[in-house]
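Architecture and fold: a report
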Amino acid sequence: MVRTTLLQRDRITVNEFRCTAEPGDEPFAEQFACHSVSYVRSGSFGCHCRAGFFELVAGSMLVGAPGEEYTCTHEHVSGDVCLSFFLDPELVETIGDRAAVWQVGATPPLPELMVLGELAQTAADGNSDLGLDEIGQILAGRLVELVSDRKAKPLTAGLRDRRRAVEAALWIDDNSHHQIDLDDTAEQAGLSTFHFLRLFSSVLGVTPHQYLVRSRLRHAARLLADDDIAVTDIAYDVGFGDLSNFVRSFHRAAGASPLKFRQASRGDRKIFQERLALQ
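Overview of the structure. Quick caveat: nothing in here was measured; it's all calculated off a predicted structure.

Brief notes about the pattern of salt bridges
For the coordinates displayed, the defined rule picks out 13 salt bridges. Arg-218 is paired through a salt bridge with Glu-118; the nearest N and O atoms lie 3.4 Å apart. Here Arg-218 is found in helix 8 (residues 208-226), whereas its partner Glu-118 is found in helix 3 (residues 111-124), with 100 residues between them in sequence. Here Arg-218 matches Glu-118 in class, with each residue buried. A salt bridge links Glu-145 to Arg-142; the shortest N-O distance between them is 2.7 Å. Taken together, the positions of Glu-145 and Arg-142, both in helix 4 (residues 132-147) and three residues apart, correspond to about one turn of that helix. One network of salt bridges, in which partners are shared, links Arg-41, Glu-118, Asp-125, Asp-173, Arg-218, Arg-222 and Asp-226.

Below, the structure is given as structure tokens:
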């Protein structure tokens, strides 16, 4: 595990974690000293914690609470990359310190968090005028809003089925710019469409189509923040066949149009000002 500190402030620290563990390696346990939110940028891993067992893929969030122990596994693929925000108690109290939220363990890939995760990565790469501390607070605040009423569902699938779901998710993410459908992904997994749909949803908490659309939105968010490519070109490049559908879907996820999101990544804080908790 390689840990790189990207930002350290009194109220928030941001680290990048690069794990090179492979299937067959011994699982490792860690205990967090403070609240944290970790955005899975790439790869996949499993996590045992008090809330249950979770399979995380690109776009998922690992939610940490102080004193809780987390055991990470790599039973299916090698390694992962996470962008992690560690928050001090005063900041958590400001954002929302309900214990049930911070003990949820993990969230499936949620579009509202994925677009912010990509914006955070853009800032981490030095390509945004927004600060990592700003985006970290926005991301944590949005997380609290989204998971306040969410209850973790126990994961009962066996190792083979979990591997099939994770590998299918990785394939979807790699091919999301193509026109693929449920039959394509089920074929990759070697299952009937009916059984694949049930399996994927039970393991990852979203349907294959939801993950496909959210992967496209995640890639679009990164392109909007990093490049000057026209919005129309981005929509088609990431796999949307219709511009208006892309704009509507992105607005639902980000709370702003693609153009406004791009402006925000370059320092226009208006669309996020209600989520900022700055002194």
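Text resumes after the structure shown.
Notes on the pairing of strand 5 (residues 52-57)
For strand 5, the tally of buried residues reaches five of six residues, placing the bulk of the element in the interior. Bridge count between strand 4 (residues 35-49) and strand 5: six bridges; the pairing is antiparallel. From the neighbouring strand, His-48 faces strand 5, where its bridge partner is Phe-53.

Remarks on the environment of Lys-260
Within the fold, Lys-260 resides in helix 11 (residues 258-265). C-alpha of Lys-260 to C-alpha of Lys-270: the two residues are ten residues apart in sequence and 9.2 Å apart in space.

Regarding the nonpolar core
Membership of the largest hydrophobic core comes to 61 residues, with the highest contact counts inside it found for Phe-85, Leu-87, Trp-102 and Phe-250. Not counting residues up to four positions away in its chain, the partners in contact with Leu-87 are Arg-11, Ile-12, Cys-34, His-35, Val-92, Ile-95, Trp-102 and Ala-140. Ranked by size, the runner-up nonpolar core spans 20 residues in total, among them Ala-168, Ala-189, Leu-199 and Tyr-211.

Some thoughts on helix 6 (residues 182-189)
Regarding helix 6, the residues found buried are Thr-185, Ala-186 and Ala-189. Seen from one end, helix 6 has its buried residues packed into an arc of 100°, which puts them on one side. The N-terminus of helix 6 is capped by Asp-181, whose side-chain oxygen sits 3.2 Å from the backbone nitrogen of Asp-183. One or two residues past the end of helix 6 sits Gly-190, with phi positive at roughly 75°.

Details of the environment of Gly-79
As for its position among the elements, Gly-79 is in the loop between strand 7 (69-73) and strand 8 (80-87). Distance in space between the C-alpha atoms of Gly-79 and Ser-42 is 8.5 Å, their sequence separation being 37 residues. Among all residues touching Gly-79, those that are not within four sequence positions of it are Cys-19, Thr-20, Ala-21, Gly-43, Ser-44 and His-74.

About the cut-offs
- Residues numbered from 1 in each chain as written.
- Predicted model: local features only at pLDDT ≥ 70, side-chain atom pairs only at ≥ 80, totals over all residues.
- Heavy atoms only, no water.
- Salt bridge = Lys/Arg side-chain N within 4 Å of Asp/Glu carboxyl O.
- Helix = DSSP H or I, 4+ residues; strand = E, 2+ residues; numbered from the N terminus.
- Buried < 20%, exposed > 50% of the residue type's maximum accessible area, 1.4 Å probe, protein only.
- Pairing = 2+ DSSP bridges.
- Core = buried A, V, L, I, M, F, W, Y, C linked by side-chain atoms within 4.5 Å.
- Contact = heavy atoms within 4.5 Å.
- Arc of directions from axis to C-beta.
- Polar contact = N/O pair within 3.5 Å; in protein donor to acceptor, adjacent residues only side chain to side chain.

Function cannot be inferred from these measures alone, as they are strictly geometric.
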